[in-house]
Amino acid sequence: MRVFLIALITLSFYSCTKTIDSTRAPSSKVYDIVLDLDWTLLYKVENDVPEKYGLPDKQVFRYGDETFVLSDDALEVLDKLAARDDVRISFYTGGGSERSELFGKIKLPSGKKIEDVTYKSLSFDDLKKIPGIPEDAKFFTRFKKDLAANFPNIENTLIIDDQNSVPKNQIKSLVFLEETYNWYPNLEASKRGRLDPTNDVKFRIERGKIKKAYNFVVEQLDTANKEGKTLYQVYRKFTLMPPKKMMDKSCYELISEIVRIGI
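So, here's what we can say about the structure. Note that the structure is predicted; figures quoted are calculated from it, not measured.

**Comments concerning the packing of aromatic side chains**
Consideration 1: In total, this model carries nine aromatic pairs according to the counting rule given.
Consideration 2: Centroid distance phenylalanine 91 to phenylalanine 103: 5.5 Å. Interplanar angle 75°. Geometry classified as edge-to-face. One end of the pair, phenylalanine 91, is in strand β5 (residues 87-92); the other, phenylalanine 103, is in helix α4 (residues 97-103), and 12 residues separate them in sequence. Of the two residues, phenylalanine 91 and phenylalanine 103, neither departs from the other in class, the shared state being buried.

Structure, rendered in structure tokens:
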């Protein structure tokens with residue numbers, strides 16, 4: 001029984017976290033992959049967090065008197081996307097351009113700077129203000145990231161974002177990260193507030209979201225290449241949530257339960 005359960009843990013973990021093989025046939029297409037910054041690649045934290053938890057310098061980004069922690073796997077994912085000959089990487093934030101420029105100075109594992117592999121870096125000044133929306137409405141109700149205005153080949157453009165930030169007619173471009181949470185080094189450190197992970201499943205999903213989004217994007221790219229279609233034609237809605245049932249539990253719930261009881 002113990003051997004069976006260990007095998008089940010291994011299979012469950014692999015099913016949840018496997019990385020798609022980036023090996024592919026050459027493509028004549030160019031896909032624009034756009035990434036948001038805040039709550040997607042960056043988390044704003046208290047200034048003492050890096051020292052308090054002993055974070056490596058490569059995981060920390062400072063801008064003025066603000067401190068940010070990079071998402072798990074963020075730099076590795078950017079490096080892998082940059083290595084593809086069919087991808088152009090861009091960034092689109094609702095924040096200021098100066099911070100984006102400084103973000104571009106961060107080094108990737110390959111040794112290149114982010115700015116070296118960036119096609120476009122868009123920020124607040126590039127947002128489209130929606131007419132007739134009250135000034136007290138939510139930010140991404142008042143403003144939208146109009147991808148078509150900056151990436152004419154909209155049907156082969158995707159944006160990874162924690163906000164529903166694009167116009168309705170570009171919804172097939174959105175890889176939506178759904179509900180996201182504040183960064184913590186572990187679940188025990190969470191304050192369990194409204195924007196904090198309140199259980200192990202939410203914590204694991206949050207920490208693994210960039211890798212999962214990357215795997216999804218790669219799958220879409222490879223499918224479009226294989227079938228000779230656009231990304232819109234092979235569109236599939238993205239979700240961070242694990243399968244509803246696996247032995248009556250999700251992968252993450254199953255692993256958490258096994259760890260909890262100490263098998």
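**Describing the pairing of strand β3 (residues 60-63)**
Consideration 1: Judged from the four bridges that link them, β3 and strand β4 (residues 66-70) form a sheet pairing that is antiparallel. Bridged to valine 60 within β4 is valine 69.

**Focus: unusual backbone geometry**
Consideration 1: Phi at glutamate 178 is positive, roughly 55°, even though this residue is not glycine.
Consideration 2: Tracing the backbone shows glutamate 178 in the loop between β10 (174-176) and α7 (200-207).
Consideration 3: Here the phi dihedral of arginine 192 falls at roughly 60°; this positive angle occurs in a residue that is not glycine.
Consideration 4: Mapped onto the secondary structure, arginine 192 falls in the loop between β10 and α7.

**Thoughts on the environment of leucine 221**
Consideration 1: Position of leucine 221 relative to the elements: it lies in helix α8 (residues 209-227).
Consideration 2: The spacing of leucine 221 and asparagine 156 is 65 residues in sequence and 8.9 Å in space, taken between C-alpha atoms.
Consideration 3: Apart from the residues within four sequence positions on either side, leucine 221 is in contact with Tyr31, Ile33, Arg84, Val87 and Leu231.

**Some points on the sheet that holds β4**
Where strands meet in a sheet, backbone hydrogen bonds hold them as pairs that are either parallel or antiparallel.
Consideration 1: With antiparallel pairing, the three strands of this open sheet are ordered in space as β2-β4-β3. Here the strands that pair on one side only, and so sit at the sheet edges, are β2 (42-45) and β3. For this sheet, the mean angle separating the axes of adjacent strands, direction not counted, is 35°.
Consideration 2: The pairing of β2 with β4 spans four bridges and is antiparallel. What sits directly across from lysine 44, in β4, is phenylalanine 68.

**Section: helix α3 (residues 74-82)**
Consideration 1: Looking at α3, one finds that the buried residues are Ala74, Leu75, Val77, Leu78, Asp79 and Leu81.
Consideration 2: Buried residues along α3 sit in contact with β1 (31-35), β4, β5 and α8.

**Comments concerning the nonpolar core**
Consideration 1: Ranked by internal contacts, the top residues of the largest apolar core, which has 40 residues, are Phe91 and Phe103.
Consideration 2: Sorting the residues of this core by element identifies β1, β4, α3, β5, β9 (157-161), α7 and α8 as the ones contributing at least two each.
Consideration 3: One finds Leu122, Phe151, Ile154 and Tyr232 within the second-largest nonpolar core, a separate group that totals 13 residues.

**Comments concerning α8**
Consideration 1: Along its 19 residues, α8 runs 27 Å from first to last C-alpha, staying within 8% of the 27 Å computed at 1.5 Å per residue.
Consideration 2: One or two residues past the end of α8 sits glycine 228, with phi positive at roughly 65°.

**Considerations on the side chain of glutamine 59**
Consideration 1: The topology assignment puts glutamine 59 in the loop between α2 (49-52) and β3.
Consideration 2: Residue glutamine 59 is classed as buried on the basis of its relative accessible area, which comes to 17%.
Consideration 3: Those residues in contact with glutamine 59 that sit more than four places away from it in its chain are Phe68, Val69, Leu70, Asp72 and Trp183.

**Here's the deal with the pattern of salt bridges**
Consideration 1: Enumeration according to the criterion identifies 16 salt bridges in this entry.
Consideration 2: Put simply, aspartate 38 and arginine 99 hold a salt bridge, and the shortest N to O gap is 2.5 Å. Pair noted here: aspartate 38 is in the loop between β1 and β2 and arginine 99 is in helix α4, with a separation of 61 residues, a long-range link.
Consideration 3: Looking at arginine 99, the relative accessible area reads 7%, which means it is buried.
Consideration 4: Its salt-bridge partner being arginine 84, residue aspartate 222 comes within 2.9 Å of it at the nearest N-O pair. Here the residue aspartate 222 occupies a position in helix α8, and arginine 84 occupies one in the loop between α3 and β5, the gap between them amounting to 138 residues. We note that aspartate 222, like arginine 84, is buried.
Consideration 5: Among the charged side chains, a salt-bridge network with shared partners connects Asp36, Lys145 and Asp161.

Definitions and cut-offs
Residues numbered from 1 in each chain as written. Predicted model: local features only at pLDDT ≥ 70, side-chain atom pairs only at ≥ 80, totals over all residues. Heavy atoms only, no water. Phe/Tyr/Trp six-rings, centres within 6.5 Å; stacked < 30°, edge-to-face > 60°. Helix = DSSP H or I, 4+ residues; strand = E, 2+ residues; numbered from the N terminus. Buried < 20%, exposed > 50% of the residue type's maximum accessible area, 1.4 Å probe, protein only. Pairing = 2+ DSSP bridges. Contact = heavy atoms within 4.5 Å. Axes fitted to C-alpha atoms, helices over the stretch in contact; angles between N-to-C directions. Core = buried A, V, L, I, M, F, W, Y, C linked by side-chain atoms within 4.5 Å. Expected span 1.5 Å × (residues − 1). Salt bridge = Lys/Arg side-chain N within 4 Å of Asp/Glu carboxyl O.

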